[in-house]
Structure formats: C-alpha cells, structure tokens
Amino acid sequence: MTSQASIDPEADDIEQRFRAAGVVVPADRVAGTHAAARRLLATLHWLRPPRTAAAEPAHIFLADREPQT
Amino acid sequence: MNAPGPLHELSIAEAGRALRSGQLTSLALTEATLARIDALNPQLHAFVTLTRDRALADAAKADTAFARGLDAGPLQGIPYGLKDIYGTAGIRTTCHSHLLHDHIPEVDCAVEEKLRAGGGVLIGKLGTFEFAIGGPSFDLPFPPARNPWNPDHFTGGSSSGSAAAVASGMVRLAMGSDTGGSIRGPAALCGTVGFKPTYGRVSRRGVFPLAYSLDHCGPLTWSIEDAALTLQVIAGYDPRDPASADVPVPDYTAAMGRDLAGLRIGYTRRFFIDNPFLTPEVTKALDAAAEQMATLGATVDEVDIPAFEVFDACAQVIMFAEAYAIHETDLKTRPGAYGRYAYQRIVSGAVLSAADLVQAQRLRRELTTAVDMGALRTHHALLAPTGLSTAAPFSDFGKDAARWGGMLTNPFNVTGSPALALPIGFGSNGLPLGAQIVGRPFNEETVLRIGFAYEAASGVSRHRPPLDELSKAA
C-alpha cells in the first residue's frame, strides 16, 4: 500500500483508519475494500454542516441542507 | 376430490378456502409444493435447505386439525419458506455463509414460533445475500438465486431466495428481512409483493441481525391479501425484542375491498425524477399507477420529502457501523471465511468514527420528523418507486463488491415507516417494475388497502414468469 498511499492521500487516510481499528485487510481484497470505504466516506458530507460548538443548535432539527463541499 | 386449479397458482387465501371446504388437503398441497421445488430449484437456487420430512408430517397434522374442526388461523396447512437468517431449532441456519455453514440453532426465532403455532408448514430455508448484505456471490456455500423472469438476471437482495421462490410459485409465502430494502428490492425485481411493516411491529428475535436499529422482518407473497394474512399471524409485541412495540394489532383485511375514496396519497415524483439511474419506463409506470389510484377514488398530488442522498448517507453510516460492530471479531480473526462481497462491504464500517455515527443518528431523527410531520401528516400514504430500473444481469457484477444504484428503499428504514412493494408493470426486457406505498407509523392497514385496490384494478399480478421451459429442463 505504500506506493499507492504516497500518490493518493485518500487511500492513505483509509489505510490509516483501518489500522486504527485494528483491521488487516487480506491483500487480495484490498482494492474492493478500499472502494467500499471510499463510497461510505463520500456520504459523510451529508450528515452535518460544519459548525462551531457555539453555533450548535442543540435539539433543533432541520432536514433542509445543502451538501458541504 | 377436485383440486381447485393449478396448486402453485393458488393464493394463501384461495388455498385456505379449499382446505377448509375439503376440496384440498395440506398433504396434497405440500407434496405439490415439494414437486415444484424439485423441478425448479436446480435452475433457480431459491432454497438452500429443504425440510421435506418435517413438512409432510406437519401437513398431516394440519389435515388432522381441520378434520377435528380446529383452526389455528389463515396459515394453517400452508407451506412457507424462511430466509436462511431466521433461526430454526434443529434446522441448519447458515446465513448463506461458510462462517455458519454447520450452525444449527437450539431455538426457533419468534416469527417461526408464530408461524408454527399458526399451523403453517415449513418447507425449507431460502438463499440470501451473505449475512443479508453481500451480493449475488459465487464464492459462497450455495449459488445465488436466479430471477424467475429471466435466470440470467439477479433477483435483487438480500432476500433473494425468498423472491425467487414466490415469483416461481414454489411457495406462496416466504419470509424476508429488510435493513435497507432487502424485502422490497427483490420483491420489485421479481414481480412479487413484499411488505416491510413498521419498525417494531414484527419481532426480530432469533433472526441474525444486519443492523439492529434498521432491521425489519416481513413477508414476500404473490398477493396483497396474502401479505395481510401473514402479517396478521406474525405481528405483535415481543418483550424479548428490545425494539418491539406494544401496539394493538388490528384486522389487516378489514379495509380490503373498499375503494380509495377519502384517502390522500402523496406522489413523491420530485424525489426521484432527477436520479441518474431513473429509466423512462419506470417513470411511465409510476405515473400510470398514480393515475390508477386517483381513478380508484384517492386524491393524488405531488409531495416533497428530503433528498434521497441525505437519507442514503444516514442509512449507510448507521447500517455499516452497526454491521461492523456485529461482525468485528470474525472480520479480524477469519476474514477468509466471508465471501468477497460481504467482507468488503461490512469491514468498510471500520473507517467510521463515533462522531459519524452520532451525527447519522441525529440526522435520522430530523429525517423521520420531516416525513412524519410533513408529507405523512398531510397525506395518508406516499407513492414512491422501489427501484429505478429492472433487474441487472449477473454479468454486471464483477470480482469486487459494488453498489448497484437506483434502489430507493432505505429512506423508509431510516424512518421505520411501513412500506409495501408491489408490481406495477414490466420493462421492455420483460422484467418487472415496482413501486412502494409508504404509510404512517403502525398504519399498515391503510397501506394494504391501497395496495389491494391497485392490485385488483391494474391486473399486473395476473402475469406469471415463463417457467415452462425451466420445468421441462429439470
């Protein structure tokens, strides 16, 4: 993974996340596993607009949102 | 004794009437069911285990009960199958995985307890995507189920064997599970009915979990009435399922047969019309279904719900976080025991953080509030697509896990709403198209009423898969 990580920061990040979780992906399954992880991480920007703690609208729920880029 | 037509085409309701009138015995029905499975299963791979001897014995018991005037309910004497994640005492329950290939539970799951107490006849266990999530894999103990409308195409999943078995007339009832659409997706792609009741309506005790807070159990059947009859038997509070709801169970068939006058149905057209996976034939079929419901007396108008991408993000994060938590030890210690698809998909949950899961749970509450206090406050039910195209061919699936797009089912796992998948037509390739009717929490009867009226008026379910050639090849 080293050579791939050096040219692909996202792959490096995914590798680091798996390592932190204690997961060693079998070599023959790395490509598909990383692709699945990329798809999952790509959804995260829909979850929550970045905001400071001071701006946190606790217990106020609004479903309208735009994707964060 | 004159048998009432081809037995594999009888609905549960029709078979029940024949059983009670003495026109038919459960033993004859069960023998015919086993013969049809023997003829078709080698090509369709719906069943992974048959419980032949037990089925014949239980059928004989049902006949004895009828002879004595004992009637345990609408499923007495009716053969059925269970997705192979439903735990069954003394019967192998594999989750379609090498990991549990020899797993034999000691106790029945709650649904099996109810079906058995109701006099049903368990025929066997049905194939699934591995652990209800992998995909149509060829590296598992059993081959993937094939679509009865064209065996070169997959069934959808994960209740793949359940949909194939019902669509091919092997059984009239197959139980499935639905975490992101695993009942409604295969039902739509195989042209059957599939019903995900409200979260908490049917106990999941003893069913192998995919994601605790999104899992639902429900039936796949050929007709809406059969789904209602099944729900009548399996619904109800179970204190041993932490998510089970102590809510009264109504008579699900009571409102059937009425027109749709007085109902307001929200058509979620703007929810899917810009989706890149949408095919024109799905739009046409859904527009026609909306018009049909209006003709039946409902007021149908367009409504808005939050964007699919927001629901999908919420559903994906919660599902994979929970699934990873369930499988973490086995994923780390024996990854090779999983097929490629299931491994790659489930282990991806390891990259999520605790904060990601918390944000998804907060969003879930926002989304549920937006639907329940929005479109489902002003309307009795919603009309939406299940999938945006017909079933893909097996050749579309490669070596590694991929997500096939165009299923719009997981929003209603996020909200926990009752959602009924039903066929609405066919694509130009002859494969089925489907819609879903979504209701207010614990108001399954309105959803079933709409489905029943539409089914009768549209006539779509009168079409059957072309299986003669498969039968002859057996």
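Residues numbered from 1 in each chain as written. Chains lettered and ligands numbered in written order. Predicted model: local features only at pLDDT ≥ 70, side-chain atom pairs only at ≥ 80, totals over all residues. Heavy atoms only, no water.

The subject of this paragraph is the confidence of the model for chain A. Residue and element names in this part refer to chain A. Averaged over every residue, the pLDDT of chain A is 80; the share at 70 or more is 64%. The weakest mean pLDDT in chain A belongs to helix H1 (residues 2-7) at 54; the strongest belongs to helix H3 (residues 30-41) at 96. Below a pLDDT of 50 lies the segment residues 1-5, which in the model reaches six contacts outside its immediate sequence neighbourhood of four places, other chains included. (pLDDT = per-residue confidence, 0-100. Helix = DSSP H or I, 4+ residues; strand = E, 2+ residues; numbered from the N terminus. Contact = heavy atoms within 4.5 Å.)

Residues and elements named next belong to chain B. Taken as a whole and judged by the stated rule, the model has eight aromatic pairs over all chains. Measuring from centroid to centroid gives 5.7 Å for Phe131 and Tyr338, while their planes differ by 45°, and the two rings are tilted. Taken together, the residues span a long stretch of sequence, with Phe131 in the loop between strand E3 (121-126) and helix H5 (160-167) and Tyr338 in the loop between helix H10 (308-333) and helix H11 (340-347) at a distance of 207 residues. Note on Phe138 and Phe394: the rings are 5.8 Å apart at their centroids and 65° apart in plane angle, and the pair reads as edge-to-face. Highlighted residues: Phe138 in the loop between E3 and H5 and Phe394 in the loop between strand E9 (381-385) and helix H13 (411-414), separated in sequence by 256 residues. In textbook terms, an aromatic cluster arises when at least three aromatic residues are bridged by ring pairs, as seen for Phe131, Phe208 and Tyr338. Taking NZ or CZ as reference, Arg146 lies 4.6 Å from the ring centre of Phe394, over its face. (Phe/Tyr/Trp six-rings, centres within 6.5 Å; stacked < 30°, edge-to-face > 60°. Lys NZ or Arg CZ within 6 Å of the ring centre and 35° of its normal.)

With that settled, consider the packing of helix H2 (residues 26-44) of chain B against helix H3 (residues 52-67) of chain B. Residues and elements named next belong to chain B. At their nearest, the axes of H2 and H3 sit 8 Å apart, and the two run at 155° to each other. When the interaxial angle is binned, H2 and H3 end up roughly antiparallel. Listed contacts from H3 to Ser26, Leu27, Thr30, Glu31, Leu34 and Asp38 of H2 are Arg52, Ala55, Leu56, Ala59, Ala60, Ala62 and Asp63. The class makeup of the residues in the contact of H2 with H3 is seven nonpolar, two polar and four charged. (Axes fitted to C-alpha atoms, helices over the stretch in contact; angles between N-to-C directions. Parallel < 35°, antiparallel > 145°, perpendicular 65-115°, else oblique. Nonpolar A, V, L, I, M, F, W, Y, C, P; charged D, E, K, R; others polar.)

All names here are of chain B. If you walk across this open sheet you meet the 11 strands as E1-E3-E2-E4-E6-E5-E10-E11-E9-E7-E8, and the pairing is mixed. The open sheet has two edge strands with one neighbour each: strand E1 (47-50) and strand E8 (299-302). Adjacent strand axes in the sheet meet at a mean angle of 30°, parallel and antiparallel pairs treated alike. Bridge analysis of strand E7 (residues 264-267) against E8 gives four bridges, and the strand direction is parallel. Of the residues in E8, the one forming a bridge with Ile265 is Val300. (Pairing = 2+ DSSP bridges.)

To continue, consider the pattern of salt bridges. Residue and element names in this part refer to chain B. Taken as a whole and assessed by the stated rule, the structure comprises 23 salt bridges over all chains. A salt bridge links Arg116 to Asp58; the shortest N-O distance between them is 3.5 Å. With a gap of 58 residues between them, Arg116 in helix H4 (residues 110-117) and Asp58 in helix H3 connect regions that are remote in the sequence. For Arg116, a relative accessible area of 35% corresponds to the partly exposed category. One salt-bridge network, in which partners are shared between bridges, spans Arg54, Asp58, Lys61, Glu112 and Arg116. (Salt bridge = Lys/Arg side-chain N within 4 Å of Asp/Glu carboxyl O. Buried < 20%, exposed > 50% of the residue type's maximum accessible area, 1.4 Å probe, protein only.)

Chain B puts 38 residues into the contact, and the matching count from chain A is 31 residues. In total, about 2800 Å² of surface goes out of reach between chain B and chain A, with carbon and sulfur atoms giving 64% of it. The largest per-residue losses of area from chain B upon contact with chain A belong to Val351, Arg362 and Glu366 of chain B, which jointly make up 22% of the total buried on that side. Where chain B touches chain A, the interface holds one salt bridge. A salt bridge links Asp28 of chain A to Arg340 of chain B; the shortest N-O distance between them is 3.6 Å. The interface formed by chain B and chain A holds six residue pairs in polar contact (both at pLDDT 80 or more) in total. When residues of the side of chain B that touches chain A are traced back to their parent elements, those giving at least two are H10, H11 and helix H12 (354-378) of chain B. (Buried area = accessible area lost by both parts, 1.4 Å probe. Polar contact = N/O pair within 3.5 Å; in protein donor to acceptor, adjacent residues only side chain to side chain.)

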